[in-house]
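# Structural description and commentary
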Amino acid sequence: SGSGAANPKGMKKVGVASPANDATSKRVRLSKEWADVDLAAQYPEEFKNTPRACGALFVGVMAIYVLTMHPSVSGGDNGELLGCACELGVAHPPGYPTFTMLGWLFVKILPFGTPAFRVGVMSAACDALAAVFILLATQRWFLLSLRADAPAEEGAWIGSIWPALLAGGLYALSPLVWMYSVQAEVFAMNNMFAALLLLLILRFNERRTLKLACAGAFTIGLGLTNQHTLLLYALPLVSWALIVAPGTLATPPAFAALVGSGLLGLTPYVFLILAGNHMPLGSWGNTGTLDGFMTHFLRKEYGTFQLYSGGDAQQSQTISSTIRYFKQLTSDSLYVGGPLVVAGVVFALYTWRRDRALSPTIPVLGSWMAYLLIFHTLSNLPIDKLPIFLGIHMRFWMQPHIISFMLLGMGVKPVMTRMGLWSREPVISAVILALVLQVGLNYREIDQSSNTHMRDLGRAHLQLLPNSSIMISQGDMVTNAMRYLQRCEGYRSDVLLLDETMMTYPWMRDVQGPAMKPWGIRFPNELHSPQPRRDGYTMEQFLAVNGRNPAHPVFKAGAWLGDMMNMPDSGVPSWKIQPIGLVSKVIPANTEMSAAEWLEWHRMPGRFPAEPDFFEYDDRTWEWLMRRIVLEWRAKCGFKLSNVAVELFDEAVLKDAETELRDILRLEEIAHGHEAKSYILADLHNALGMLTVHSQAFMETPEEIRTSNRRISFHFSKYMALTQVEGSDSGQEARLVKFLDASPEYDQPIVPKGQKPIDKPPPAEKAEKSKGKGKKGKNKKSPKGEL
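Quantities reported herein were computed from a predicted structural model and do not represent experimental measurements.

### Concerning the overall build of the protein
Scanning the protein from N- to C-terminus turns up 34 helices and seven strands. For the protein, with 787 residues in total, the buried portion stands at 56%. Sequence separation of at least 24 residues holds for 74% of the intrachain contacts in the protein that already meet a minimum separation of 6. Accessible surface for the protein amounts to roughly 34,300 Å². Of this, 60% is attributable to carbon and sulfur atoms.

### Here's the deal with the side chain of histidine 453
Assignment of secondary structure puts histidine 453 in helix α23 (residues 453-462). We classify histidine 453 as buried; its relative accessible area is 16%.

### Observations regarding the side chain of histidine 685
Within the secondary structure, histidine 685 is located in helix α31 (residues 679-695). Its relative accessible area of 1% is what places histidine 685 among the buried residues. Not counting residues up to four positions away in its chain, the partners in contact with histidine 685 are Leu665, Glu669, Phe714, His715, Lys718, Tyr719 and Leu722.

### Let's talk about the packing of helix α28 (residues 595-602) against helix α29 (residues 622-648)
Look at α28 against α29: their axes get within 11 Å of each other, and the N-to-C directions meet at 140 degrees. One finds that α28 runs oblique with respect to α29. Seen from above, α28 lies across α29 with left-handed handedness. Every residue of α29 that contacts α28 at Ala595, Trp598, Leu599 and His602 is listed here: Cys637, Lys640, Leu641, Val644, Glu647 and Leu648. Residue classes in the contact of α28 with α29 are distributed as seven nonpolar, one polar and two charged.

### Regarding the sheet that holds strand β2 (residues 496-499)
The pairing of strands in a sheet comes from backbone hydrogen bonds and takes either a parallel or an antiparallel form. Here we have five strands laid out as an open sheet, ordered β2-β1-β5-β7-β6, and mixed in their pairing. The open sheet terminates on both sides in strands that have one partner only, identified here as β2 and β6 (575-579). Here the average twist between neighbouring strands, direction ignored, is 30 degrees. With four bridges joining them, strand β1 (residues 470-473) and strand β5 (residues 554-557) adopt parallel strand pairing. Bridging across to β5, isoleucine 470 finds its partner in valine 554. Relative to β6, α29 is tilted by about 95 degrees, and along the sheet it contacts β6 and β7 (584-588).

### Things to note about the state of the cysteines
Summed over the entire model, instances satisfying the criterion amount to one disulfide. Here cysteine 84 stays free of any disulfide, with the sulfur of cysteine 488 as its closest cysteine sulfur at 8.9 Å.

### Focus on the nonpolar core
Core analysis: the largest hydrophobic core is formed by 200 residues, its most contacted members being Phe99, Leu198, Trp368, Ile402 and Met471. It is helix α7 (residues 115-145) that provides the largest number of residues to this core, a total of 20 residues. The contacts of phenylalanine 99, once residues within four sequence positions are left out, are Leu81, Val119, Met122, Ser123, Ala184, Glu185, Val186, Met189 and Asn226. Among the nonpolar cores identified, the runner-up in size contains 33 residues, and Met502, Trp507, Trp519 and Val554 belong to it.

### Focus: a nonpolar patch on the surface
A cluster of nonpolar side chains, namely Leu102, Trp104, Leu105 and Ile109, defines an oily patch on the protein surface of about 330 Å² accessible area. Relative to the assigned elements, leucine 102 resides in helix α6 (residues 97-109). For leucine 102, a relative accessible area of 33% translates into the label partly exposed.

Analysis parameters
Residues numbered from 1 in each chain as written. Predicted model: local features only at pLDDT ≥ 70, side-chain atom pairs only at ≥ 80, totals over all residues. Heavy atoms only, no water. Helix = DSSP H or I, 4+ residues; strand = E, 2+ residues; numbered from the N terminus. Buried < 20%, exposed > 50% of the residue type's maximum accessible area, 1.4 Å probe, protein only. Contact = heavy atoms within 4.5 Å. Areas by Shrake-Rupley, 256 points an atom, 1.4 Å probe, with all protein chains shown as cover. Axes fitted to C-alpha atoms, helices over the stretch in contact; angles between N-to-C directions. Parallel < 35°, antiparallel > 145°, perpendicular 65-115°, else oblique. Left-handed = near helix turned anticlockwise from the far one by under 90°. Nonpolar A, V, L, I, M, F, W, Y, C, P; charged D, E, K, R; others polar. Pairing = 2+ DSSP bridges. Disulfide = S-S within 2.5 Å. Core = buried A, V, L, I, M, F, W, Y, C linked by side-chain atoms within 4.5 Å. Patch = residues over 30% accessible without salt bridge, like charges linked within 9 Å, V, L, I, M, F, W, Y side chains within 5 Å. Salt bridge = Lys/Arg side-chain N within 4 Å of Asp/Glu carboxyl O.

Note that every value here comes from positions in space, so none of it alone points to a role or purpose.
See below:
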């Protein structure tokens, strides 16, 4: 059966109901009409080159992945996952035990590269295997379709391996998949399990044996130890298998074997229980207890059926996100994917109608549609609020990509047949050309072999800190970059890294607390909460018992959690922060950091890493977010330097401040220069205008002052145009601009020489005394108009 030839001896055609059949259920009809198929025996020539094609695909994809691999830590959860792999810790829910243990093995056995690179090689191998499984599954689906399609003449070229190679190769080298195959992330492993499950369901469709079903159950169980979204694939496939083969699967012994196979696949979760007894710093949860394990396994801290636990979650995005997915699929498949996928769907449905007994169309398309609809219904990331959330959301599109590219491969034959091109030379040429184009068009964009931005970000946060400091961090990207450096490379492990978000869970005190004794950490209550609660402590209370030990100074990376809740004084009214680079020093509110001390911090080398190129990374990437963070903190330090320069009234410091702000302005204009209103550009222009006013005290010639007055007018004009502050067009800047525009040749300083510029006017009697006092005792007339 399955040859596509007419049935001898008048036998009923397989897959077509006889007239004698009454309105029995589809389940019974399909099960009775099915016949065992041995594709390898029917098409020996088609499978002769399959091993070589698989080997070539795996080696070629792996070579490209390794050449474009991240050399160190990347963004997102990467640093946390790596830290757990290096120390056999527990990652965020659901724990990812298989990834952690295999990652640890790769760190130990590979003799080259950083720990991040070694675990990245593991991810690359997983997606390269996924490509091979896609090739094998697509080839089998293609050959099964010959039963319903016009049968090939004896000796005619069938060419099943080439559409299959196109499907696997284009999938592996599509930008979305490629991007997550060159870094240590869990998605590549999930892709591998999903692709293997599809291959097994096609094999089960051909030979419905309990052995194949148990292999599928084991794959599902093992896959769930990596990512739970595999369930969205598995449920439709399992349901279909139970419907079409109840005699094989629905007996008590068979059911017991299936359950046992699934549980065997889940055994890596035992690691979470064992790891709960040592839990290195940075690990999640309290998995050493049954309640803690179940909380972690079910993702209760995030919401079991949610991606996002924030207060700004976005619901009802099923249709819009599905449309976004197909747009991404089109761009990921050289823009020919759309028509080919449509052709593949039509061809699959056509062959199903002709041969319902053996066509795998229903389970495959059912799994595809179920994933897209259910995932996009449950996903609640605020993707319309910030593009970075869309980037996070897109990572989960790699699973439906597996079936999409299989359908793409299935659509090649009907399209090329319609064009009169289905023969050996045109097909092979088209497949090779498509794969070469996929690599050539995307290589430069995806190549991360020189991307060390996240490593540099983590180093810049840690390297300036005094020994045995305490770093309270907020934000996954920054925290995980530091965590990787500490846990995997041993860099600045003398610094205690406290994730403020993790402090909001009770297990932080109970499980991680004992490991913090070298830093003298004491937890005032069970868990951290910016808002007062019976079992909680505020950051104000935490700092009261941990913030005054000079042996362990406290620093802050990112915003306070209270900032995110719009609390007054960030929820820590007795404390303030002083920016000294990418981090801030936390000091009591009633103390001051002297200008000299701050300048000493400011002049340390390596305070800021190089910003990622604005044109190289779009706003859905972690590098884009890093650029925003670096420029934000450079601006904060630039404004602080301006204040110090004014306080010291030092010409050299004033020039340093102006140089720093001009460089920040240049970089910010690249991103925001097109905006009609921009608070950051407005603030920078305002600060530069004020600095120029102060710098006039050190100018000697009228020409210098005249030029500086024009700059002052320019900066304050830009400030008024860009600011979003109401009333700015009638403030002192507006009056000054009006005066200078009316007097373009004005060559006197805005503030008379010898009078130190100040932000607020002094009391009337002091202003009167200071009026006209020059640097050398000479009186100077003040400019027209009162400023």
